[in-house]
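# Per-entry structural report
The lines below spell out each chain.
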Amino acid sequence: MAAVLGLIIGVVIGIFVQPDIPVFMQPYLPIMVVAALDALLGAARAYFQRSFSDKVFVISFFSNVITATLLVLLGNQLGVGSQLQTAVIVVLGIRIFSNVSAIRRFIFRG
Amino acid sequence: MAPHRKSTRPDVLSRMHDQHAQDRKNDRVETGSFPVVGRKPRRNRSLDSNRSRARLITNIFVLVLCALLGYGYVIQINNTRSTYETMSEEELTRLISETSNQVQLLEERRNELEDQLTSLQEAANTQEEAQRIARQNEETSGILSGRLPAVGKGVVIQISQGRIATVDAATMFSLIEELRNAGAEVIAINDVRVVTRTYISDTDEGLVCDGTPLQTPYVVKAIGDPQNLQNAVSIAGGIGSRLEVRYGATVDVTTSDSVEIDEIAESPQYTYARTVQ
């Protein structure tokens, strides 16, 4: 409930308030969004498995976002930024898919 | 010993029974790979006093984080028209090469189109030139064949009926020939335009030119150099003096700056002659 409400509030704020993103942050924002999405879906899965913990969710949210950003930053510094970005996106995408399939299995039992 | 044993045995049995029942119950719980009971009641017991507060904090955390996610998502969506500043060197190089490629293609296309344009213009010019020549030809041949009226400097010759003899066709014809030799461009006798196939013949009623009877006085109009034409007619021993002496006709040559010949000749329909293709 809170998650859905938060998403709606965030989208509305984003529509009405459009700040200029600092240039140094621009390449990392999409990665951050995907990582956060992965954390959110992981939390949803945990919720369905009745093992949801707020601490774990907060930590996984931030650790996901920071790890993804740091990886891409590292890649940019090493000159393989785009490749590493692709790798992070692929891994997060796979995780999102597996989370979604787990959630689906809980919703449609069997 | 015995009572002790008796008392413990059922206890063990019942404990085993209880354990078995609990295991079965745990197995039935359809959660993940591990039964997740046990931890929750302990935590709930420890935080029993501020359980509602903890739940509120949890909800706020989740709300804030999800709001952050949605916010970032929307910002990123609106940010897709991103500048070149965020692109890597590689991407920029690719972009430049693609753009220059495109420019080259467009330049080639432009050259092609320009070539087409020039060729089309040339064609149009050629056509215009052809039209001009055709118009000129039409004018020239129109005057030559007698299709068009003509005006210009020339002479008007009036020949009265001869007192000694009637002027015959041969003499009139030689008059026309003399005029032609002198450079007459357009000639008309009375109402008849003289063209290449004009004939003059003698009949009982007098001269007939192209089927039209000629009445005296004969008026011969000719366009050309007036001086030459006048000389051709009135030269000593020429056609003029012959007309005066042999036929007793009066020949009156007037030069004019504007001799107008309105008479036109019908173009013939050619039955046999065809242009060579």
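Residues numbered from 1 in each chain as written. Chains lettered and ligands numbered in written order. Predicted model: local features only at pLDDT ≥ 70, side-chain atom pairs only at ≥ 80, totals over all residues. Heavy atoms only, no water.

If you look chain B up in an unreviewed UniProt entry, it shows as DUF881 domain-containing protein from Bifidobacterium phasiani. Recorded under Sequence similarities (unreviewed entry), the UniProt text for chain B is reproduced unchanged: "Belongs to the UPF0749 family." (UniProt positions renumbered as here; feature names shortened; annotations may be inferred.)

The name that an unreviewed UniProt entry assigns to chain A is Small basic family protein, with the source organism given as Bifidobacterium phasiani. Its UniProt record gives chain A a comment under Sequence similarities (unreviewed entry), which states: "Belongs to the sbp family." Annotation of chain A in UniProt includes, under Subcellular location (unreviewed entry), the sentence "Cell membrane".

### Looking at the overall build of chain B
Broken down by element type, chain B carries 7 helices and 8 strands. Evaluated residue by residue, chain B yields a buried proportion of 25% over its 277 residues. Considering only contacts in chain B between residues 6 or more positions apart, those separated by 24 or more positions represent 74%. Per element, the accessible surface of chain B, about 20200 Å² overall, is 53% carbon and sulfur. (Helix = DSSP H or I, 4+ residues; strand = E, 2+ residues; numbered from the N terminus. Buried < 20%, exposed > 50% of the residue type's maximum accessible area, 1.4 Å probe, protein only. Contact = heavy atoms within 4.5 Å. Areas by Shrake-Rupley, 256 points an atom, 1.4 Å probe, with all protein chains shown as cover.)

### Here we look at a nonpolar patch on the surface
On the surface, A:V4, A:L5, A:I8, A:I9, A:V12, A:I13, A:I15, A:F16 and A:V17 cluster together to form a nonpolar patch covering roughly 810 Å² of accessible area. Among the secondary structure elements, A:V12 is positioned in helix α1 (residues 2-16). (Patch = residues over 30% accessible without salt bridge, like charges linked within 9 Å, V, L, I, M, F, W, Y side chains within 5 Å. Salt bridge = Lys/Arg side-chain N within 4 Å of Asp/Glu carboxyl O.)

### Section: α1(A)
The terminal C-alpha atoms of α1(A) lie 21 Å apart, and with 15 residues this matches the ideal 21 Å at 1.5 Å per residue to within 8%. Among all positions in α1(A), only A:A2, A:G6, A:G10 and A:G14 are buried. Taken end-on, α1(A) shows its buried residues confined to a sector of 100°, consistent with a single buried face. More than 90 degrees from the buried face of α1(A), the exposed residues found are A:V4 and A:F16. Of the surrounding elements, those touching the buried residues of α1(A) are α3 (51-78) of chain B. (Expected span 1.5 Å × (residues − 1). Arc of directions from axis to C-beta.)

### Some thoughts on the packing of aromatic side chains
To describe a pair of aromatic rings, you give the distance between the ring centres and the angle between the ring planes. Residues and elements named next belong to chain A. All told, the structure shown has 5 aromatic pairs over all chains when counted by the stated rule. Measuring from ring centre to ring centre gives 6.0 Å for F52 and F57, while their planes differ by 45°; the resulting arrangement is tilted. Pairwise contacts between aromatic rings join Y47, F48, F52, F57, F61 and F62 into one cluster. (Phe/Tyr/Trp six-rings, centres within 6.5 Å; stacked < 30°, edge-to-face > 60°.)

### What about the sheet that holds strand β6 (residues 212-213) of chain B?
Residue and element names in this part refer to chain B. With respect to topology, 3 strands assemble into an open sheet ordered β4-β5-β6, the strand pairing being antiparallel. Each edge of the open sheet is held by one strand with a lone partner, namely β4 (200-203) and β6. Bridge count for β4 against strand β5 (residues 206-209) is 4 bridges, and the pairing is antiparallel. Within the sheet, the bridge partner assigned to D202 lies in β5 and is L207. Helix α5 (residues 169-181) contacts β4 and β5 of the sheet and is inclined by roughly 160° relative to β4. (Pairing = 2+ DSSP bridges. Axes fitted to C-alpha atoms, helices over the stretch in contact; angles between N-to-C directions.)

### Remarks on the environment of B:L65
You can see B:L65 is positioned in helix α3. Aside from chain neighbours lying at most four places away, what touches B:L65 is A:F57, A:V58, A:F61 and A:F62.

### Here's the deal with the UniProt feature "transmembrane region" (unreviewed entry) in chain B
UniProt marks residues 56-74 of chain B with the feature "transmembrane region" (unreviewed entry), using the numbering shown here. The span residues 56-74 of chain B shows a helical share of 100% and a strand share of 0%, and its end C-alpha atoms are spaced 27 Å apart.

### Details of the interface of chain A and chain B
Between chain A and chain B, the contact holds 34 residues from the first and 25 residues from the second. In this assembly, chain A packs against chain B so that about 2700 Å² is buried in total across both faces, 74% of it on carbon and sulfur atoms. Seen at the junction of chain A and chain B, the total is 0 salt bridges. Inspection of the region where chain A meets chain B yields 1 residue pair in polar contact (both at pLDDT 80 or more). (Buried area = accessible area lost by both parts, 1.4 Å probe. Polar contact = N/O pair within 3.5 Å; in protein donor to acceptor, adjacent residues only side chain to side chain.)

### Topic: unusual backbone geometry
Peptide bonds are, in most cases, trans, and in most cases residues other than glycine have a negative phi. Its identity is not glycine, yet A:R50 carries a phi of approximately 60°, on the positive side. If you trace the backbone, A:R50 turns up in the loop between α2 (29-48) and α3 (54-78). Phi at B:D210 is positive, roughly 50°, even though this residue is not glycine. Inspection of the secondary structure puts B:D210 in the loop between β5 and β6. Note on B:D210: relative accessible area 30%, which makes it partly exposed.

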